[in-house]
Amino acid sequence: MKKLFVRKSLSSIFEEVENNHHGLKKNLDAWHLTLLGVGGVIGAGIFVITGTAAALHAGPSLVISFILSAIGCALAGLCYAEFASMIPIAGSAYTYGYATMGEFIAWIIGWDLILEYLFGSATVAVGWSGYVVSFLKDVGLPLPEIISQSPFTFDAQGWHHTGALINFPAVFIVGLMSTLLVVGIKESARFNNVIVLIKVAVILLFIGFGISHINVAHWTPFIPANTGTWGHYGWSGILTGAGVIFFAYIGFDAVSTTSQEAKNPKRDMPIGILASLGICTVLYICVSLVLTGIVDYHDLNVPAPIALAIDTAGPALMWLRPLVKIGAIAGLSSVVLVLLLGQSRVFYSMAHDGLLWKSFAKTHPKFKTPHITTIVTGTFAALFAGLFPIGLLGELVSIGTLLAFVIVCIGIIILRKTEPDVPRSFKTPLVPVVPILGALVCLLQMASLPKDTWIRLIAWMLIGFTIYFTYGRKHSKIRKAAALREKE
């Protein structure tokens, strides 16, 4: 039992960083990392999920949901920043867990992160497809529904077949972003930088010109009465809304997976994580206020809520419609890129430690990227994006993200006790208060998610335990080294 919690020593991690055993190129600075974070955060949350969360859960008080999620993210982000500056290696929360709580907990985090990024990229790809289909229809090039919708949908009555074969646009964008990631991290970061500037400009245009079209009557009551069902308006709706939209913030978590590729991780990682989180929180709050001010929240359960707001505002804002759709298409592209980037790096780190198949730990001889994990990740993400609806995928991402954040917050408290003398270029303030509050806020949001989401998380974890006990435990490099030391 004790061997389940064997820890990866910080000295071995620092040796890997010093000798660059992972073989990844160091191409990213604080600017790249901040834009990677913004690229990962500003996407489906603003362009897709805001409408659904307002219509089904929180109403105009969605802004409070965003603030609650932001508080949880800020508390967790402070913990991430300390870890990322102290343990500058690929793998994010997985590596942090390995250094603090041992291999089995690290496996749980790693497998959970795979859920988070894999389904996250699939979720955003479905949102990207919705905007592309709408844009093509506007310019007179409609795509047949049989190749532009999810074949399956899910509601209270169960699974239904829509009659479609596959959501081809969603598959296409995953394939395109996976190819870009194989070619190189520097090229991917440049692409992301351009896309981020485009989508932030579009969002600022919507906020700036949309303010004058707000009807304050749409904000009354600001917190609609509960309909009698948990999670539908009232404070329970605010909490559920916060849980549902939480996955919108996972981009800053993806920043921490690129530590091994940062030029100066001890300085740049905290800047990238906290700056991207702050920028995105302000944008989310402003957009949710403008959106629910222009459109009655009951009408916002649509694939493209910002486009609906522009239509509702009338001719004065119609010039923004194509720009918003172009911004959404560009913005969601960068989110798919960042999430696939994060997932492939976690997968790669787990394989490098022997917990997954060693072929996944190889890097491309020319591009120095983990090409095998990127291709495998892209293939499965494309499959899920092509077959399943956005709501089902999004809830799975939220619960996976929240679980990872809880473990990172707890890990900071443990590491302060076990490794108090290790240099920290950034220190989480007010320990243990900040980590405890971060864990509690995330747990509260997890508790507010639907029961079916918990069942799917448990099923995913059972699959992970099977892989760990049949393969990972036997091939773990840390376990093998410990066994050799015992023989000596």
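## Re the overall build of the protein chain
Okay, step 1: The helix and strand tally for the protein chain stands at 18 helices and two strands.
Okay, step 2: Relative to the globule expectation of 23 Å for 488 residues, the C-alpha radius of gyration of the protein chain, 22 Å, shows essentially globular dimensions.
Okay, step 3: Oriented by its inertia axes, the alpha-carbon framework of the protein chain measures out at about 80 × 45 × 45 Å.
Okay, step 4: A buried classification covers 60% of the 488 residues belonging to the protein chain.
Okay, step 5: When contacts within the protein chain are restricted to residue pairs at least 6 apart in sequence, those whose partners lie at least 24 apart make up 81%.
Okay, step 6: Per element, the accessible surface of the protein chain, about 18200 Å² overall, is 70% carbon and sulfur.
Okay, step 7: Taken as two groups, the 33 positive and 25 negative side-chain charges of the protein chain have centres that lie 8 Å from each other.

## Looking at the packing of aromatic side chains
Two aromatic rings, taken as a pair, are described by how far apart their centres are and by the angle between their planes.
Okay, step 1: Enumeration over the complete set of coordinates arrives at 22 aromatic pairs.
Okay, step 2: Their ring planes at 45° and their centres at 5.9 Å tell us that Phe104 and Phe469 sit as a pair that is tilted. With a gap of 365 residues between them, Phe104 in helix H6 (residues 103-138) and Phe469 in helix H17 (residues 451-475) connect regions that are remote in the sequence.
Okay, step 3: Ring geometry for Phe168 and Phe172: centres 6.4 Å apart, planes at 35°, overall tilted. Here the residue Phe168 and the residue Phe172 both occupy positions in helix H7 (residues 168-183), the gap between them amounting to four residues, near one helical turn.
Okay, step 4: By relative accessible area, which is 45% here, Phe168 ends up partly exposed.
Okay, step 5: One aromatic cluster is present, built from ring pairs that chain together Phe104, Trp107, Trp111, Phe119, Phe384, Trp460, Phe465, Tyr468 and Phe469.

## With respect to the environment of Met318
Okay, step 1: Examined against the element boundaries, Met318 turns out to sit in the loop between helix H12 (305-313) and helix H13 (320-352).
Okay, step 2: Leaving out residues up to four positions away in the same chain, Met318 has contacts with Ile310 and Asp311.

## Some points on the confidence of the model for the protein chain
Okay, step 1: Looking at the protein chain as a whole, its pLDDT mean stands at 83, while 90% of the residues score no less than 70.
Okay, step 2: No element of the protein chain has a lower mean pLDDT than strand S1 (residues 152-155), at 65, and none a higher one than H7, at 91.

## Comments concerning a nonpolar patch on the surface
Okay, step 1: Together, Ile146, Ile147, Leu165, Ile166, Phe168, Phe172 and Leu176 make up a nonpolar patch on the protein surface, roughly 620 Å² of accessible area in all.
Okay, step 2: The exposure class of Phe172 is partly exposed, given its relative accessible area of 43%.

## Some thoughts on unusual backbone geometry
Okay, step 1: Residue Pro221 follows Thr220 across a cis peptide bond; omega there is -5°.
Okay, step 2: With an omega of 10°, the peptide bond running from Val431 to Pro432 counts as cis.
Okay, step 3: For Pro432, the location among the structural elements is in the loop between helix H15 (390-418) and helix H16 (433-447).
Okay, step 4: Positive phi, normally seen in glycine, also occurs at Tyr233, with a value near 70°.
Okay, step 5: Within the fold, Tyr233 resides in the loop between helix H8 (185-210) and helix H9 (234-245).
Okay, step 6: With phi around 55°, Leu430 is a residue other than glycine that occupies positive phi space.
Okay, step 7: Within the element layout of this structure, Leu430 appears in the loop between H15 and H16.
Okay, step 8: Note on Leu430: relative accessible area 64%, which makes it exposed.

## A word on the pattern of salt bridges
Okay, step 1: Enumeration according to the criterion identifies eight salt bridges in this entry.
Okay, step 2: Between Arg424 and Glu82 there is a salt bridge, with its nearest N and O atoms 2.8 Å apart. One end of the pair, Arg424, is in the loop between H15 and H16; the other, Glu82, is in helix H4 (residues 62-86), and 342 residues separate them in sequence.
Okay, step 3: Under the relative-accessibility criterion, Arg424 is labelled buried at 13%.

## Examining the nonpolar core
Okay, step 1: In terms of nonpolar packing, the biggest core is built from 142 residues, with Ile46, Tyr131, Val174, Phe206, Ile306 and Leu356 touching the most fellow members.
Okay, step 2: At 20 residues, the largest contribution of residues to this core is made by H6.
Okay, step 3: Among all residues touching Leu356, those that are not within four sequence positions of it are Trp107, Ile114, Phe347, Met350, Ala351, Ile467 and Tyr471.
Okay, step 4: In this structure, Leu75, Leu78, Ala81 and Val434 belong to the second largest nonpolar core, which totals five residues.

## Regarding the environment of Val324
Okay, step 1: Looking at where Val324 falls in the secondary structure, it is placed in helix H13.
Okay, step 2: When its relative accessible area of 1% is taken as the criterion, Val324 is described as buried.
Okay, step 3: The spatial distance from the C-alpha of Val324 to the C-alpha of Ala30 is 28 Å, given a sequence separation of 294 residues.
Okay, step 4: With sequence-adjacent residues up to four places away left out, Val324 is seen in contact with Phe47, Val202, Ile306 and Ile310.

## What about the side chain of Ser476?
Okay, step 1: By the element assignment, Ser476 lies in the loop between H17 and helix H18 (477-487).
Okay, step 2: Given a relative accessible area of 0%, Ser476 falls into the buried group.
Okay, step 3: Only 3.4 Å separates the side chain of Ser476 from the backbone nitrogen of Ile478, close enough to count as a polar contact.

## As for H9
Okay, step 1: Taking 1.5 Å per residue, twelve residues should reach 16 Å; H9 reaches 17 Å between its end C-alpha atoms and fits that length.
Okay, step 2: Most of H9 is tucked away, with eleven of its twelve residues classed as buried.
Okay, step 3: Those residues of H9 that fall on the buried side of the exposure criterion are Gly234, Ser236, Gly237, Ile238, Leu239, Thr240, Gly241, Ala242, Gly243, Val244 and Ile245.

## Looking at H4
Okay, step 1: End to end, H4 covers 36 Å across 25 residues, agreeing with the expected 36 Å (1.5 Å per residue, within 8%).
Okay, step 2: When you tally the buried positions in H4, you get 20 out of 25 residues, the bulk of the element.

## Regarding the packing of H4 against helix H5 (residues 93-100)
Okay, step 1: The N-to-C vectors of H4 and H5 enclose an angle of 75°; their axes lie 10 Å apart at closest approach. Of the possible angle classes, the one that applies to H4 and H5 is roughly perpendicular. Of the residues in H5, those in contact with Tyr80, Phe83 and Ala84 of H4 are Ala93, Tyr96 and Thr100.
Okay, step 2: Residues belonging to the contact of H4 with H5 are distributed by class as follows: five nonpolar, one polar and no charged.

Reading the values: rules and limits
- Residues numbered from 1 in each chain as written.
- Predicted model: local features only at pLDDT ≥ 70, side-chain atom pairs only at ≥ 80, totals over all residues.
- Heavy atoms only, no water.
- Helix = DSSP H or I, 4+ residues; strand = E, 2+ residues; numbered from the N terminus.
- Rg over C-alpha atoms; globule rule 2.2 N^0.38 Å.
- Buried < 20%, exposed > 50% of the residue type's maximum accessible area, 1.4 Å probe, protein only.
- Contact = heavy atoms within 4.5 Å.
- Areas by Shrake-Rupley, 256 points an atom, 1.4 Å probe, with all protein chains shown as cover.
- Lys, Arg positive; Asp, Glu negative; His and termini not counted.
- Charge placed at Lys NZ, Arg CZ, Asp CG, Glu CD.
- Phe/Tyr/Trp six-rings, centres within 6.5 Å; stacked < 30°, edge-to-face > 60°.
- pLDDT = per-residue confidence, 0-100.
- Patch = residues over 30% accessible without salt bridge, like charges linked within 9 Å, V, L, I, M, F, W, Y side chains within 5 Å.
- Salt bridge = Lys/Arg side-chain N within 4 Å of Asp/Glu carboxyl O.
- Core = buried A, V, L, I, M, F, W, Y, C linked by side-chain atoms within 4.5 Å.
- Polar contact = N/O pair within 3.5 Å; in protein donor to acceptor, adjacent residues only side chain to side chain.
- Expected span 1.5 Å × (residues − 1).
- Axes fitted to C-alpha atoms, helices over the stretch in contact; angles between N-to-C directions.
- Parallel < 35°, antiparallel > 145°, perpendicular 65-115°, else oblique.
- Nonpolar A, V, L, I, M, F, W, Y, C, P; charged D, E, K, R; others polar.

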